[in-house]
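Below, each chain spelled out in residue letters.
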Amino acid sequence: MTRKTNDAIEVRNAVKRYGTFTALKQVSLTISDNEFFTLLGPSGCGKTTLLRMIAGFEDVTEGGIFLFGEEIEGLPPHKRPINTVFQNYALFPHMTVLDNVGFGLEMLGKSKSEARKRAGEVLEMVQLSQFSARKPSQLSGGQQQRVALARALAPRPKVLLLDEPLSALDLKLRKAMQIELKHLQKETGITFIFVTHDQEEALTMSDRVAVMSAGEVQQLGDAREIYERPRNMFVADFIGETNLLEVTVDQIDAGRAACHLGGGHRLTCDAVDGIGAGARVHMSLRPERLFLSSAPTESESLKARVRENIFIGTDISTILDLDDGPEFRVRASNSSRGTSRVFEPGTEVFVNMERGAARLLVD
Amino acid sequence: MAKGKYDLRVYPGFRAITLLCLVILYSPLIVVMVYSFNASPSITNWEGLSLRWYADVFTGPESAKFKSAARNSFVIALIAATVATTIATLSATAILRGGKFRLRTLSFGLISLPLMVPEIVTAVATLIFFNAIGFDRGLLTILLAHIAFCIPFAYLPISARMQGIEATYEQAAMDLYATRRQAFTRVLLPLMAPGIVSGFILAFIVSLDDFIITNFVKGAGVETLPTAIFGAVKQGIKPNIMAISTMLLGVSVVMVTLSWLISRKDRKT
Amino acid sequence: MAGGAATGGSSTSDTYAEARTWLLLPAWVTLGILVLAPVAIMLVYSFLTKEFRGGVIWEFSLGAYDQFFCNRGLFGDEPCSIEWTYIQIFWRSIWQAGAATLLSLAIGFPTAYFIATRPPRQRTLWVFLVTIPYWVNLLIRTVSMKFLLRDEGPLNDFLTGTGLLSEPLAIVNTNFAVQLGLFYSYLPFMVLPIYAAVERYNFALSEAASDLYAPRWTVLRRILLPSVKPGIVAGCILVFVPSLGSFLAPDLLGGARNFMIGSLIEEQFKGNAGNWPFGAAASMILLTMVLIILLIFARQQAKAEG
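Just so you know, these numbers come straight off a predicted model, no measurement behind them.

### Structural notes on the overall build of chain B
The helix and strand tally for chain B stands at 11 helices and zero strands. The order of helices and strands in chain B, counted from the N terminus, is α-α-α-α-α-α-α-α-α-α-α. Relative to the compact-globule value of 18 Å for 269 residues, chain B shows a C-alpha radius of gyration of 23 Å, a clear excess of over 25%. Principal-axis analysis of the C-alpha atoms places the extent of chain B at approximately 80 × 70 × 30 Å. If you take every contact in chain B between residues at least 6 apart in sequence, the share linking residues at least 24 apart comes to 72%. With the model as given, the accessible surface of chain B reaches about 11700 Å², and the carbon-plus-sulfur share is 66%. Each charge sign in chain B was given a centre, from 24 positive and 13 negative side chains, and these centres are 7 Å apart.

Okay, here's the thing in structure tokens:
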């Protein structure tokens, strides 16, 4: 059943079980050619298992995996035109950098000299030409990371898999590499599938993100979509900081849902498919989309009392107690415009919402 | 497309070779064990189960020789293992708990020397040494030689154990007003016990099993079990020898198993 | 035989630094008197004159070494030409020990690898199974091997009885029997260091190679073997060195034609030849060879550790 498609990878109803433990429950997703796709989730969510199944290191218990429309399940790793950048790089310690990078080409039947020539070009691309005669142990962590990248790119795979490749680097280097990886992906035109547990990293780099938890894809979409329109509690809580409030939906009217929470506070936000009037659900309120004022600015401003201000460099976070309601957080940027909205502890204030700050969640 | 796990750790044939390896290792021992229960005086024919060769070892014409050889073997092994274990424990304490010092590497080298020098060379050297200082060969020369080459066998499990014990235990003891000696006897030694027992058992087996060195340094007419067996085997393998071998084999296996169980149980706690 | 083992672990301390001299004294005295001094005296004896009923005459002589290396004709009065007899015995020993080492490697490597890739809980049991026979008396093991292999022994009974062979296989008193005996004597020394190396091996490297299009056996050859090489070299040394000076396996399984160094030396002291200086000289030559091998090995290990 071969059919050519533009989907680089299709995972169709993939299930992975280890004995009685189910690591993946019926995952289906398609990744387009030339896409930077990220699998994001906490450890144990199944993201690495899925990646290893695409690479061929784990078999699929049920379902199939297709590369440009052709089933690859059952092929050993060395017969899949897919390469991997490993978490701890797995550079061959007994080979030079050049031979590491040329290894895949050599295995594909290229002559040693041809492999070395191409390896040299790829090393040039990651700016490591001057280290080609060294052994991996003589390189810094960041340099080893680039070698691992060059090694996986050298055979020009159809899909490149990256298994938390930046997790061992320090923050600054990680940020620089994020941008470099993104550029490299656009330059080479190779489909990247990136695995990470770092939501900021995922949002920075990816065209699309699949948020995973407990062996299932919770939400799939681009960075904005996932951040601004989280589908459920898990996604809203995992991505960024948020206030989760329990609310009751009173009525739905013209795409807007009117809700109330404890203490008689009322809130209106965009309606969501699957949540009707009378439902008791959670609402996510992004703290940076809220601002404080001494007087109500609109009819739905929430009355609260400042408990504590926490200085966190770029932002100032304020913890508030809602009248007859739960604890609450508001973030203001640490700029002259933002700090003007900071109030002393004990002050009575009003919490106001920017449009789109509130979002109803499916549990 | 057939679905099946491609496990790149598995190499076809390796399991078969491992099983072959075990067959090669165990089949000679098992065959001798089985034939030691053979009723026939001939070693080629099987005439049914019997304990007659075990009875022969204890009551037969050669029983006196075997009894004295067994007594010599066990007495020497007991004393040699005790002395070697004591020396090894003290040395390990100095080497692993005595800080860095000039003779440290050299001391370790000296202790492992009997493992590196070919046994036959040690045997020749020891024989010549006793001859040169005019020491009459007999039980005592065997014992002295055994103490020397048992030390590294006792040392290895003891030092392995000591490396696994954090120095902070003794430091804590001394912080709680124990003297150095008390820290050693009340804290380090009890923690070391499994390693010391393993070391003793290994030293005991090594002494019990030694043939080459014993053969060189023993006096005329003094025999241990291995030299007695060797002497008898030179005349051909007889069923009573297989019975003795089986008993000696049993002693070794029981002791090694004991040592293994001790170290394993200890790792769990 | 753990020649390359570290002197200490991570948990070294100086708690007993003050007492260390006293703690080490018993070891130094015992091993100094019973190992170092004897080797020194053996060196001296190799330069003495032989007495015919065993023992030596205290008179300097190069006779032992001369006898080893020089052929001076039937009456001992010709100029020195190379004497091949003893060099040949040494050469045969090296060859036999080498063959036994290769045999041990061929069976020991897959065994060690198989054990190291078992689930962690099963590994110690497998290691135990492989090492038990080592702790059984070497003499008993060698005798058992002879009993099993001899012409009318159980193995040949089985082979002819089942009709696999019409004639019994003559194994005892061949080179192969000696190699098998040596293999049987020292196999755990091959398995244990390789096992330790494979257990430490990072299998992500195999995955990476497989990911880069290397088939299974290429992964073994190009990645796994180079990575565990220190363990393989250690195993080979630990089998080769004791095989070189072994006495029981060649004596019981080899017969007169397959004489090795150990038997040559033994004969000078226990047998009819009775030439102590010559035996001491042969022992010194053997010891020198072994120490050179160990030195090269230690150098390489030090280099490998960087």
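### Looking at the pairing of strand β7 (residues 159-163) of chain A
Residue and element names in this part refer to chain A. Here β7 lies mainly inside the structure; five of its five residues are buried. What you see with β7 is no split at all: V159, L161 and D163 on one side and L160 and L162 on the other are buried throughout. In this structure, strand β6 (residues 82-85) lies alongside β7, joined through four bridges in parallel fashion. Considered in β7, the bridge of I82 is made with V159. Looking at chain direction, β7 and strand β8 (residues 191-196) are connected through five bridges and run parallel. Looking at the pairing, D163 lines up with V195 of β8.

### Digging into unusual backbone geometry
Residues and elements named next belong to chain A. The phi angle at E164 is positive, at roughly 40°, despite the residue not being glycine. Relative to the helices and strands, E164 resides in the loop between β7 and α5 (171-188). Positive phi is not limited to glycine here, since A254 has a value of about 50°.

### Things to note about the interface of chain A and chain C
Contacts between the two partners involve 25 residues from chain A and, on the opposite side, 17 residues from chain C. Summed over both partners, the interface of chain A with chain C comes to about 1800 Å²; 64% of that surface belongs to carbon and sulfur atoms. Three residues stand out in chain A for area buried against chain C, namely H78, H94 and M107 of chain A, and they jointly supply 30% of the buried area on that side. Where chain A touches chain C, the interface holds two salt bridges. Linking E207 of chain C and R52 of chain A is a salt bridge whose minimum nitrogen-to-oxygen distance equals 2.6 Å. Along the contact surface separating chain A from chain C lie seven residue pairs in polar contact (both at pLDDT 80 or more).

### Describing the domain arrangement of chain A
With domains assigned, chain A is organised as domain 1 (7-228) and domain 2 (241-361). Placing a centre on the C-alpha atoms of domain 1 of chain A and another on those of domain 2 of chain A gives a separation of 40 Å.

### Comments concerning the pairing of strand β4 (residues 62-67) of chain A
Residue and element names in this part refer to chain A. Pairing of strand β1 (residues 7-18) with β4 involves five bridges; the strand directions are antiparallel. Looking at β4, one finds that E10 is bridged to F66. Where β4 and strand β5 (residues 70-71) come together, two bridges link them in antiparallel fashion. Pairing of F66 across the sheet is with E71, part of β5.

### Looking at the interface of chain B and chain C
In this assembly, 105 residues from chain B lie in contact with 97 residues from chain C. Regarding the contact of chain B and chain C, the summed buried area is about 9500 Å², with carbon and sulfur atoms giving 75% of it. The interface formed by chain B and chain C includes two salt bridges. Between K234 of chain B and D251 of chain C there is a salt bridge, and its shortest N-O distance comes to 2.7 Å. Put simply, chain B and chain C have 19 residue pairs in polar contact (both at pLDDT 80 or more) between them.

### Describing the state of the cysteines
For the structure on display, the rule yields one disulfide over all chains. There is no disulfide at C269 of chain A, and the cysteine sulfur nearest it, in C259 of chain A, is 4.7 Å away.

### Side note on a nonpolar patch on the surface
Residues and elements named next belong to chain B. Together, I30, V34, W46 and L49 make up a nonpolar patch on the protein surface, roughly 410 Å² of accessible area in all. Its place among the elements puts W46 in the loop between α1 (14-35) and α2 (52-59). What makes W46 partly exposed here is its relative accessible area of 41%.

### A look at helix α6 (residues 139-163) of chain B
Residues and elements named next belong to chain B. End to end, α6 covers 36 Å across 25 residues, agreeing with the expected 36 Å (1.5 Å per residue, within 8%). C150 marks the point of greatest bend in α6, at about 35°, and the proline P152 comes within the next four residues. Of all 25 residues making up α6, 18 are buried, and the element is well covered by its neighbours.

### Section: α5 of chain A
All names here are of chain A. Across its 18 residues, α5 extends 26 Å between first and last C-alpha, which sits within 8% of the 26 Å expected from 1.5 Å per residue. Along α5, the residues classified as buried are R174, M177, Q178, E180, L181, L184 and Q185. Elements in contact with the buried residues of α5: β3 (36-40), α3 (112-125), α4 (141-153), β7, β8 and α6 (199-205). Downstream of α5 by a residue or two, G189 has a phi angle that is positive, lying close to 70°.

### What to know about the packing of helix α5 (residues 138-149) of chain C against helix α6 (residues 154-161) of chain C
For any two helices packed against each other, the geometry is given by the interaxial angle and the distance between the axes. All names here are of chain C. Two elements in contact, α5 and α6, have axes whose closest approach is 4 Å; the angle formed by their N-to-C orientations is 25°. When the axes of α5 and α6 are compared, the pair comes out roughly parallel. Taking contact as the criterion, the partners of F147, L148 and L149 in α5 are, on α6, P154, L155 and N156. Along the lines of polarity and charge, the residues of the contact of α5 with α6 split into five nonpolar, one polar and no charged.

### Thoughts on the packing of aromatic side chains
Considering all chains together, one arrives at 40 aromatic pairs over all chains under this definition. Each ring, one from F74 of chain B and one from F204 of chain B, has its centre 6.1 Å from the other, and the planes form 45°; the classification is tilted. One end of the pair, F74 of chain B, is in helix α3 (residues 63-97); the other, F204 of chain B, is in helix α8 (residues 180-209), and 130 residues separate them in sequence. Where F108 of chain B meets Y155 of chain B, the ring centres are 6.0 Å apart and the plane angle is 55°; that geometry is what we call tilted. Here F108 of chain B, found in helix α4 (residues 104-116), pairs with Y155 of chain B, found in helix α6; they are 47 residues apart in sequence, far enough to count as distant. No difference in accessibility class separates F108 of chain B from Y155 of chain B, as the two residues are buried. Over the ring of Y184 of chain C we find R141 of chain C; its NZ or CZ atom is 5.9 Å from the centre of that ring. Over the ring of F147 of chain C we find R150 of chain C, and its NZ or CZ is 4.3 Å from the ring centre.

### Looking at the sheet that holds strand β16 (residues 302-312) of chain A
Residues and elements named next belong to chain A. Pairing within the open sheet is antiparallel, and its five strands lie in the order β15-β19-β16-β17-β18. Two strands bound the open sheet, and with one partner strand each, they are β15 (290-293) and β18 (327-333). Direction aside, the axes of adjacent strands within the sheet are offset by 45° on average. Note that β16 and strand β19 (residues 348-353) share four bridges and pair antiparallel.

### Let's talk about the pattern of salt bridges
Counted according to the given criterion, the structure contains 38 salt bridges over all chains. D59 of chain A is the salt-bridge partner of K16 of chain A, the closest N and O atoms lying 2.8 Å from each other. Remark: D59 of chain A occurs in the loop between α1 (47-55) and β4 and K16 of chain A occurs in strand β1; sequence separation between them is 43 residues. The buried category is assigned to K16 of chain A, whose relative accessible area is 4%. For the salt bridge of K218 of chain B with E223 of chain B, the shortest nitrogen-to-oxygen distance reads 3.7 Å. A single network of salt bridges, built from pairs that share partners, joins K16, R52, E58 and D59 of chain A together with E207 of chain C.

### Observations regarding the sheet that holds strand β20 (residues 358-361) of chain A
Residues and elements named next belong to chain A. The strand order across the open sheet formed by five strands is β13-β12-β11-β14-β20, and the pairing between neighbours is antiparallel. Looking at strand neighbours, the two that pair on one side only are β13 (265-270) and β20, the edges of this open sheet. Strand-to-strand twist in this sheet, taken as the mean axis angle between neighbours without regard to direction, amounts to 45°. Bridging between strand β14 (residues 280-285) and β20 involves four bridges; their strand directions are antiparallel.

Parameters at a glance
Residues numbered from 1 in each chain as written. Chains lettered and ligands numbered in written order. Predicted model: local features only at pLDDT ≥ 70, side-chain atom pairs only at ≥ 80, totals over all residues. Heavy atoms only, no water. Helix = DSSP H or I, 4+ residues; strand = E, 2+ residues; numbered from the N terminus. Rg over C-alpha atoms; globule rule 2.2 N^0.38 Å. Contact = heavy atoms within 4.5 Å. Areas by Shrake-Rupley, 256 points an atom, 1.4 Å probe, with all protein chains shown as cover. Lys, Arg positive; Asp, Glu negative; His and termini not counted. Charge placed at Lys NZ, Arg CZ, Asp CG, Glu CD. Buried < 20%, exposed > 50% of the residue type's maximum accessible area, 1.4 Å probe, protein only. Pairing = 2+ DSSP bridges. Buried area = accessible area lost by both parts, 1.4 Å probe. Salt bridge = Lys/Arg side-chain N within 4 Å of Asp/Glu carboxyl O. Polar contact = N/O pair within 3.5 Å; in protein donor to acceptor, adjacent residues only side chain to side chain. Domains from an automatic or database assignment. Disulfide = S-S within 2.5 Å. Patch = residues over 30% accessible without salt bridge, like charges linked within 9 Å, V, L, I, M, F, W, Y side chains within 5 Å. Expected span 1.5 Å × (residues − 1). Bend = angle between axes of the 7 residues up to and from the residue. Axes fitted to C-alpha atoms, helices over the stretch in contact; angles between N-to-C directions. Parallel < 35°, antiparallel > 145°, perpendicular 65-115°, else oblique. Nonpolar A, V, L, I, M, F, W, Y, C, P; charged D, E, K, R; others polar. Phe/Tyr/Trp six-rings, centres within 6.5 Å; stacked < 30°, edge-to-face > 60°. Lys NZ or Arg CZ within 6 Å of the ring centre and 35° of its normal.

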